[in-house]
Amino acid sequence: MGDVQKPAPRRVRIDHRQVRALAHPLRNRLLGALRVKGAATATTLAELLDTNTGATSYHLRQLAEVGLVVEETDRSAGRQRWWRAAHDVSSFESTDFDDDPDARAAIEWIQADQVRLFVEHAERWFAVRDQWSPQWREAFGMSDVFMTIPADRLKELQAELLQILERYHAEADPEVPDAEQVQIVLASHPLLMGGKR
């Protein structure tokens, strides 16, 4: 790693308008692609996400209206517009939307879509894992821990784990030989037996 200090990640706490805009499968994927791949045109995103340019252009404008993506005007020319994510990290608490049934329904849809996308990514990995080196196959994996813990301690635990992930993210150097983009998911759920509390 070099001595160049990376800028602090740009953060946003998702508001009611933004959560409603994100509750759409293509918009959610567009924002994710811009965060992972960097700035892109609607055409590039359409190819990446296997959709059409008209749809990507329309939904990028919808995301821009609520401040989740911005046009890179210095790179745009003529009809070719470049877009980037306005923030590196977005956050929310599910209780942020308790007073707004529509926004609450939107965040519940977004969370369910994130789980669906995680399962799709995992299935794609399982289909090609034999093509990866033993070193990478050993590095990737899943684990879980069961514990009995009060809500305030669980929040502390999640915050501490997130700090570790953010530190590794800040220290990551994509120029290191054999470096790969990886997804790390942090989740906690109640252990419901038979759907009961």
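Structure first, text after, so check above.
My aim in this report is to walk through the structure given alongside it, one point at a time. Note that this is a predicted model, so its numbers are computed, not measured. (Residues numbered from 1 in each chain as written. Predicted model: local features only at pLDDT ≥ 70, side-chain atom pairs only at ≥ 80, totals over all residues. Heavy atoms only, no water.)

### Some remarks on the overall build of the protein chain
The line we're drawing: Under the DSSP-based scheme used, a helix requires at least four consecutive residues in state H or I and a strand at least two consecutive residues in state E, with every element numbered from the N terminus. In this analysis, two residues are considered to be in contact whenever any of their non-hydrogen atoms come within 4.5 Å of each other. All accessibility values rest on the Shrake-Rupley procedure with a 1.4 Å probe; residue burial counts only the protein chains present in the view. Counting rule for charge: Lys and Arg are taken as positive, Asp and Glu as negative, and neither His nor the chain ends is counted. Each charge is placed at NZ for Lys, CZ for Arg, CG for Asp and CD for Glu.
A count of helical and extended segments in the protein chain gives 7 helices and 5 strands. In the protein chain, the succession of α and β elements from N to C terminus is β-α-α-β-α-α-β-β-β-α-α-α. Along the first, second and third principal axes, the C-alpha set of the protein chain runs to 60 × 50 × 35 Å. Once local pairs closer than 6 in sequence are excluded, the contacts in the protein chain between residues at least 24 apart make up 65%. For the protein chain, the exposed area adds up to about 14,500 Å²; of that, 53% sits on carbon and sulfur atoms. Charge separation in the protein chain, taken as the distance between the mean sites of 25 positive and 31 negative side-chain charges, equals 4 Å.

### Considerations on the packing of aromatic side chains
To keep things clear, this is the line we draw: Aromatic pairs are defined between Phe, Tyr and Trp rings, using the six-membered ring for Trp, whenever the two ring centres lie within 6.5 Å; interplanar angles under 30 degrees are classed as stacked, those over 60 as edge-to-face, and all others as tilted. Think of it in three bands: residues with accessible area under 20% of the maximum for their type are buried, residues over 50% are exposed, and the middle band is partly exposed, with areas taken using a 1.4 Å probe on protein chains only.
Summed over all chains, the structure comprises 6 aromatic pairs. Summarising the aromatic geometry, the rings of Trp125 and Trp132 are spaced 5.7 Å apart at their centres and angled 80° between planes, so their arrangement reads as edge-to-face. What makes Trp132 partly exposed here is its relative accessible area of 25%. Both rings, one in Trp136 and one in Phe140, keep their centres 5.2 Å apart while their planes meet at 25°; by these two values the pair is stacked. Residue classification places Trp136 among the buried residues on the basis of a relative accessible area of 16%. Put simply, the rings of Trp125, Trp132, Trp136 and Phe140 touch in pairs and so form one group of aromatic residues.

### What to know about the sheet that holds strand 2 (residues 40-41)
The strands making up a sheet are joined through hydrogen bonds of the backbone, oriented either antiparallel or parallel. The condition that has to hold: When DSSP finds two or more bridges between two strands, those strands count as paired.
With antiparallel pairing, the 3 strands of this open sheet are ordered in space as 2-4-3. Among the strands making up the open sheet, the edge pair consists of strand 2 and strand 3 (69-71).

### A few points about the packing of helix 2 (residues 25-37) against helix 5 (residues 101-128)
Operational definition: To define axes, lines are fitted to C-alpha atoms, for helices over the stretch in contact only, and angles between the resulting N-to-C directions are given on a 0 to 180 degree scale. By convention, the crossing between two helices is left-handed when the near helix turns anticlockwise from the far helix through less than a right angle, and right-handed when the turn is clockwise. In the scheme used here, Gly and all other residues not listed as nonpolar or charged are polar, with Ala, Val, Leu, Ile, Met, Phe, Trp, Tyr, Cys and Pro taken as nonpolar and Asp, Glu, Lys and Arg as charged.
Two numbers describe how helix 2 lies on helix 5: the axes approach to 11 Å, and their chain directions differ by 65°. The interaxial crossing formed by helix 2 with helix 5 has right-handed handedness. Between helix 2 and helix 5, the residues in contact are Pro25, Asn28 and Arg29 and Trp109, Ile110, Asp113 and Leu117, respectively. The class makeup of the residues in the contact of helix 2 with helix 5 is 4 nonpolar, 1 polar and 2 charged.

### Details of helix 3 (residues 42-49)
To keep it simple, the criterion reads: In this description, one arc is meant: the one made by directions from the helix axis to the C-beta atoms.
What helix 3 keeps buried is the set Ala42, Leu45, Ala46 and Leu49. Take helix 3 and look down its axis: the buried residues cluster within an arc of 105°, on one side only. Looking at the buried side of helix 3, the elements it contacts are helix 2, strand 2, helix 4 (53-65) and strand 4 (82-85). Positive phi appears at Asp50, one or two residues downstream of helix 3, with a value of about 55°.

### Let's talk about the packing of helix 2 against helix 4
Quick reminder of the rule: Orientation is classified from the angle alone, with under 35 degrees giving roughly parallel, over 145 giving roughly antiparallel, 65 to 115 giving roughly perpendicular, and any other angle giving oblique.
In the contact formed by helix 2 and helix 4, the axes pass within 10 Å of each other and the chain directions differ by 80°. Between helix 2 and helix 4, the crossing angle belongs to the class labelled roughly perpendicular. Residues Leu26, Arg27, Leu30, Leu31 and Leu34 of helix 2 form the contact with helix 4, whose participating residues are Ala55, Thr56, Tyr58, His59, Leu60, Gln62 and Leu63. When grouped by side-chain class, the residues that make up the contact of helix 2 with helix 4 number 8 nonpolar, 3 polar and 1 charged.

### Thoughts on the pattern of salt bridges
Where we set the bar: Salt bridge, as applied in this entry: a Lys or Arg side-chain nitrogen positioned within 4 Å of an Asp or Glu carboxyl oxygen.
Tallied over the entire structure, the rule returns 10 salt bridges. Asp100 is the partner of Arg20 in a salt bridge, and the nearest nitrogen-oxygen pair spans 2.4 Å. Taken together, the residues span a long stretch of sequence, with Arg20 in helix 1 (residues 16-22) and Asp100 in the loop between strand 5 (89-91) and helix 5 at a distance of 80 residues. Classification of Arg20 as partly exposed rests on a relative accessible area of 37%. For the salt bridge of Glu120 with Arg116, the shortest nitrogen-to-oxygen distance reads 2.5 Å. One end of the pair is Glu120 and the other is Arg116, both in helix 5 and 4 residues apart, which spans about a single turn. Note on Glu120: relative accessible area 30%, which makes it partly exposed. Counted as one network, the salt bridges with shared partners bring together Glu72, Arg75 and Arg84.

Just geometry here; none of it tells us what the structure is for.
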